[in-house]
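Below are the chains, spelled out letter by letter.
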Amino acid sequence: MGILYMSCDSNQVYDEYQTVPNKWHKDAVISFKVTPPDSLNNYNLFVNLRNTSAYKYSNLFLIVGMEYPNGKITKDTLEYAMAKPNGEFLGTGFSDVKENKLWYKGYESPFVFDESGEYTINIQQAMRENGHVEGVEELEGITDIGFRIENANTK
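Described in the following lines is the structure provided in the data block. (Residues numbered from 1 in each chain as written. Predicted model: local features only at pLDDT ≥ 70, side-chain atom pairs only at ≥ 80, totals over all residues. Heavy atoms only, no water.)

Structurally, the position occupied by Glu150 is in strand β10 (residues 142-151). Filtering out sequence-adjacent residues up to four positions away, Glu150 remains in contact with Asn11, Val13, Asn42, Tyr43, Asn44, Phe46 and Lys101. (Helix = DSSP H or I, 4+ residues; strand = E, 2+ residues; numbered from the N terminus. Contact = heavy atoms within 4.5 Å.)

Structural data, given as structure tokens:
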């Protein structure tokens, strides 16, 4: 998996994507290594992703883990809506590809990187089909996964 590109705007601290080749295997973990600029300021963290019409679900389950510089590990199982009830995909974009900016941390209270050093963010798909215990082996329609850090707007 390679880095696709980085974008910029006034709130951006970090924004990176990795391409998912063809299908996202249930055991494939996409990782981002981040060294935050400080251990004092408030941030909002997002998982960004791009999907095509080949994505056949109305939601998405992800397991997102964060490895702190001093060894602490947190893991969250997150669910995101991907489509409206009528089947129309959420997200932005005029072509077949929709881009979604999904909250990870910071929406209830801003996140602080309270340890200095490098953090690793690990993202894995955790999709299941109704009535099946085993996960979806190869998830189609997700083309890129990203991780974004923004300065939290505190007023």
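On to the pattern of salt bridges, then. For the structure shown, the criterion picks out nine salt bridges. Glu137 is the partner of Lys26 in a salt bridge, and the nearest nitrogen-oxygen pair spans 3.9 Å. Separated by 111 residues along the polypeptide, Lys26 in the loop between β2 (23-25) and β3 (30-34) and Glu137 in the loop between β8 (119-125) and β9 (138-140) bring together distant segments of the chain. Taking the shortest distance from any N to any O, the salt bridge between Lys101 and Glu150 comes out at 2.4 Å. Of this pair, Lys101 sits in strand β7 (residues 98-105) while Glu150 sits in strand β10, placing them 49 residues apart in sequence. What makes Glu150 buried here is its relative accessible area of 8%. (Salt bridge = Lys/Arg side-chain N within 4 Å of Asp/Glu carboxyl O. Buried < 20%, exposed > 50% of the residue type's maximum accessible area, 1.4 Å probe, protein only.)

So yeah, pure geometry; function would need other evidence.
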